[in-house]
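Geometric and topological summary
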Amino acid sequence: AQSVSQHNHHVILSEAASLELGCNYSYGGTVNLFWYVQYPGQHLQLLLKYFSGDPLVKGIKGFEAEFIKSKFSFNLRKPSVQWSDTAEYFCAVNRALGTGANNLFFGTGTRLTVIP
Amino acid sequence: DTAVSQTPKYLVTQMGNDKSIKCEQNLGHDTMYWYKQDSKKFLKIMFSYNNKELIINETVPNRFSPKSPDKAHLNLHINSLELGDSAVYFCASSPRSTTDTQYFGPGTRLTVL
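Looking only at helices and strands, chain B features 0 helices and 11 strands. Going residue by residue from the N terminus, the α and β elements of chain B occur as β-β-β-β-β-β-β-β-β-β-β. Relative to the 2.2 N^0.38 estimate, which gives 13 Å for 113 residues, the radius of gyration of chain B is 13 Å and therefore close to what a compact globule would have. Along the first, second and third principal axes, the C-alpha atoms of chain B reach 40 × 30 × 30 Å. Looking at chain B residue by residue over its 113 residues, the buried ones come to 46%. Pairs at least 24 residues apart make up 55% of the contacts formed inside chain B by residues separated by at least 6 positions.

In structure tokens, the structure reads:
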């Protein structure tokens, strides 16, 4: 079974600081990778996703993530965070093929607090 | 226009009761899901339902049963509620492909007393 690890539980940054949130997954087959964000009191929204091609993917609101297959990683980055980026960030994985492949497996989430 | 909606938003009930949470999507998607988010914010897949095919996460107790009257609806029925069922339950939907984005509903916060 696949699993997803997010090692940073709570990250606190000042505005304009750079952000990198770690995500590692364990699964030997082909996977699709996602980052979702949950702003306070809101539902989950997709930030970006990777399924093939250029391993550096760009998402909404200036976020990007890099898929490094050899490291089973899909870290999320943003060069300069804003107060409005305060939220919970979830990395997720699904299998590319097979029964139930659509099911997303989430990491435990990283809470980002941006101080004005 | 709400893409994925859930009712109710909050549900407070006593142990042992039976309750249902409704989910509707107006996106024309083929697949719908239920996720459980615990108090530590950990999200876990419970069910996915694709064109009458139900995929059940084996860790879900059989007190939980999804019911899909049609492609746009996937309701969650819970029998004999327990304290440990307290959580936020999210419904989601997506087109058929595994690379497609899942669209989440606003969540239903269930509190079992």
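With that settled, consider the pairing of strand β2 (residues 10-14) of chain A. The side chains of a regular strand alternate, first on one face of the sheet and then on the other. Residues and elements named next belong to chain A. Residues Val-11 and Leu-13 line the buried face of β2, whereas the alternating positions His-10, Ile-12 and Ser-14 sit on a face that is not buried. As judged from the 5 bridges shared by β2 and strand β12 (residues 110-115), these two strands associate in the parallel manner. In the strand pairing of β12, Ile-12 is matched with Thr-113.

With 25 residues of chain B at the contact, the number on the chain A side is 24 residues. For the pair chain B and chain A, the summed buried surface comes to about 1900 Å²; carbon and sulfur atoms form 56% of the total. On the chain B side of the interface with chain A, the three residues burying the most area are Thr-98, Thr-99 and Phe-104 of chain B, jointly 31% of the side's total. There are 0 salt bridges connecting chain B and chain A.

What follows deals with the pattern of salt bridges. Throughout the structure, instances matching the rule amount to 7 salt bridges over all chains. Taking the shortest distance from any N to any O, the salt bridge between Glu-82 of chain B and Arg-63 of chain B comes out at 3.5 Å. Taken together, the residues Glu-82 of chain B in the loop between β8 (73-78) and β9 (87-94) and Arg-63 of chain B in the loop between β6 (53-56) and β7 (64-70) connect sequence positions 19 residues apart. Residue class for Arg-63 of chain B comes out buried when judged on its relative accessible area of 13%. One salt-bridge network, held together by shared partners, links Lys-58, Glu-64, Glu-66 and Arg-77 of chain A.

The step from Thr-7 of chain B to Pro-8 of chain B runs through a cis peptide bond, and the omega angle for that step is -5 degrees. Mapped onto the secondary structure, Pro-8 of chain B falls in the loop between β1 (4-7) and β2 (10-13). The phi dihedral of Ala-16 of chain A falls on the positive side, at around 80 degrees, and the residue is not glycine. Mapped onto the secondary structure, Ala-16 of chain A falls in the loop between β2 and β3 (19-21). A relative accessible area of 53% means that Ala-16 of chain A is categorised as exposed. Of note, the phi angle at Ser-80 of chain B is positive, near 45 degrees, even though the residue is not glycine. Under the relative-accessibility criterion, Ser-80 of chain B is labelled partly exposed at 39%.

Rules behind the numbers
- For every chain, the first residue of the written sequence is number 1, and numbering continues from 1 onward in sequence order.
- Here every chain gets a letter starting at A, and every ligand a number starting at 1, in the order they are written.
- pLDDT decides what is reported in this predicted model: residues at 70 or higher carry local features, side-chain atom pairs at 80 or more are listed and counted, and totals for whole chains, interfaces and linings draw on all residues regardless.
- Excluded from the side-chain calculations are hydrogens and water; all other atoms, namely the structure's heavy atoms, are used.
- Each helix is a run of H or I in the DSSP string that is no shorter than four residues. Each strand is a run of E no shorter than two, and both are numbered from the N terminus.
- We compute the radius of gyration from the C-alpha atoms alone; for a globule the expected value is 2.2 Å times N to the 0.38, where N is the number of residues.
- Using a 1.4 Å probe on the protein chains alone, a residue whose accessible area is under 20% of its type maximum counts as buried, one over 50% counts as exposed, and one in between counts as partly exposed.
- By the convention used here, residues are in contact when the closest approach between their heavy atoms is within 4.5 Å.
- Should DSSP find at least two bridges between two strands, the strands are taken to pair.
- Reported buried area values correspond to the accessible surface (1.4 Å probe) lost by two parts on association, with both partners' losses combined.
- We define a salt bridge as a contact between a side-chain nitrogen of Lys or Arg and a carboxyl oxygen of Asp or Glu at a distance within 4 Å.

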